[in-house]
Amino acid sequence: MKVVFLSHIFPNSCCPLNAPFMVERAKAFSKVADIEVVAPCSYFPFLRTKGPSFLEYFKGLKVWHPRYLALPEILWHWRWFPYFKMIRKTFHNSISEYDILHVEWIYPDAYAAVRFAKKWRTKTIGVVHGNEAIDYFGPRNFRKKYCKVLGQLDHIIVVSRDLEAKLVQDYGVPGRKISVILNGVAVEKFPVLDKGKARGSLGIRKDIKVGVCVARLSAEKNLDVLIKAVARLQSKSPVIFIVGNGPLRESLQKLIDSCGVTERVRLVGSVPHDDVALWLNAGDFFCLPSQREGCPVVVHEALACGRPVISTTVGAIPDLICHEDYGLLCPPSDVEALAGLLRQAVSRTWNTEKISAYGRRFTWQKVAEETVKVFHEVLS
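What this report covers is the structure whose coordinates are included nearby.

Parameters at a glance
- Residues numbered from 1 in each chain as written.
- Predicted model: local features only at pLDDT ≥ 70, side-chain atom pairs only at ≥ 80, totals over all residues.
- Heavy atoms only, no water.
- 1 Å grid on protein atoms, 1.4 Å probe; cavity = no way out; pocket = protein on both sides within 12 Å on 5 of 7 lines; lining within 4 Å.
- Points joined across faces, edges and corners; volume = space filled by probe spheres on them.
- Helix = DSSP H or I, 4+ residues; strand = E, 2+ residues; numbered from the N terminus.
- Nonpolar A, V, L, I, M, F, W, Y, C, P; charged D, E, K, R; others polar.
- Pairing = 2+ DSSP bridges.
- Axes fitted to C-alpha atoms, helices over the stretch in contact; angles between N-to-C directions.
- Core = buried A, V, L, I, M, F, W, Y, C linked by side-chain atoms within 4.5 Å.
- Buried < 20%, exposed > 50% of the residue type's maximum accessible area, 1.4 Å probe, protein only.
- Contact = heavy atoms within 4.5 Å.
- Arc of directions from axis to C-beta.

Turning next to empty space enclosed by the protein. Applying the stated criterion to the full structure yields one cavity of 30 Å³ or more. A volume near 30 Å³ is recorded for the largest cavity. Lining the largest cavity are F21, E24, G184, V185, A186, F190, H273, V297, E301 and W364. Looking at the lining of the largest cavity, the elements that each hand over two or more residues are α1 (21–30) and α10 (297–304). Class assignment for the residues of the lining of the largest cavity results in six nonpolar, two polar and two charged.

Structure below.
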C-alpha cells in the first residue's frame, strides 16, 4: 500500500516544535505502509523568511516541503487555492502511483486535496485532531468549506468520541464514514524516572508538592483558570510549573503577579520536546485545564510517565481518564472545582506503576495499525 502523508503543520528543521507528535505518527505509519511525507510550507513574496530545504531528512524521515503562497486572514476563504495549485504541481504526474491520500488537517489541506484527488479517483482520508481543525470563528458562510470537504472525503478519522458526535450532529456526516482512533505516545521517550533525580536536573526542590502543565499559552487552554485556582488555595496549593509558550504569556504573567502567586505558578517557557519527559517526571501530577481539546498527546505522555492527570471533561480526556486511579476531572472554566481537584491531587497516594502500565497501552504503533485497517476498508 502506497500512501501520501500530507500535513502543513508537520515540524521541520526551521520549526522543530511544530506539532512534534506528527513525527511519531509518520514514523509509526512508515512501519506498516509505504508512505511519502509531504509537509508543505507557506511563503509570501518579499518576506525573506527562512524555510527548510525542498527535501530534508528530519528525525529519520524523508520529508518533502513544496511551497505554497500564504494568504492573509482576510482571504481565508481562498486559502485552499494556492494549496491546490501546489498539490497539482507536486503530484500531477505521480498521484496515480498512490492508493491513499492521507491528510492530517481539514482546511486548506483536505479541501484542496479532495478537489485534486477526485479527478484521479484516488481515495482521500482526513484526520480531525480537534475543534480548532473544523471551527472557524468568522463569517458564517465560511462554515460551508468544512461541510463541503467533510462530505467529500472518502473517510474521516477523529481522535475522540466527542468529535465524532460533533461531526454527526453539527455537520451531518454519516456515522459510518467516521472512525475514532485515539492518539498515542512514543513510550521509549517517556519512561518513568526517579522523581528526585528529575527535580535535581531541573533545580526544583524535593520537599514540595509540584504540578506540571505542558501547554500552549493560548485561550483554549484556560490557564487563567488554573492560576485563579492556585490563588484560591493560597499556601495550600502545590507549585505549578507551566511549560510552553504562546500569545498569552504576558497577560498570564500579569495575572500571576496580580493574584500574588509568583511563588506558586512559574512560566517556564518552551523546552525541547525531548525534555518534556523530564518535566513530567519531576511533578507529582500533570494538569491541563483546557476549555476544549481533541486528544491531547501530552496526556498520553504524562500517563506513560506514571503521572496522574488533573484535567477537564473535554475532548478525548474522559475517554483516557476513565477511572480515578488515573486522574481526576472537572468541568472546564470552574475555578472552585479545579481548586478542589488540586487539593485532592496532593493529598492522594497515586500508584505510579499502575498509571504507567495503563498509559503505555496507547502506542503510536497501535494507532498506525488501526489506521491501516481503515485504509484497507476504504480501498475495498
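Back to the text.
Our focus in this paragraph is the sheet that holds strand β7 (residues 100–103). In spatial order, the strands read β4-β5-β2-β1-β7-β8-β9-β10; together these eight strands make up an open sheet with mixed pairing. Strand pairing shows two members of the sheet lacking a second neighbour, β4 (55–58) and β10 (178–180), which therefore form its edges. On average, each strand axis in the sheet is tilted by 25 degrees relative to the strand beside it, whichever way the strands run. Two elements, strand β8 (residues 123–128) and strand β9 (residues 155–158), share four bridges in a ladder whose sense is parallel. By the bridge assignment for β9, V128 is matched with V158.

Let us look at the nonpolar core. Within the largest apolar cluster, 139 residues are counted, with the highest numbers of intra-cluster contacts made by F10, V128, L167 and L226. Every residue in contact with F10, bar those within four places of it in the chain, is listed here: F5, N18, M22, V23, A26, V37, A39, F58, L61 and V63.

Once that is clear, we can look at helix α8 (residues 249–258). Within α8, burial applies to L252, L255 and I256. One face of α8 carries all of its buried residues, which in axial projection span an arc of 100 degrees. In α8, the exposed residues that point more than 90 degrees away from the buried face are E250, K254 and S258. At its buried positions, α8 is contacted by α7 (223–233) and β13 (265–269). Note on α8: the residue one or two positions beyond its end, G260, has a positive phi of about 70 degrees.

None of this, on its own, says anything about what the molecule does.
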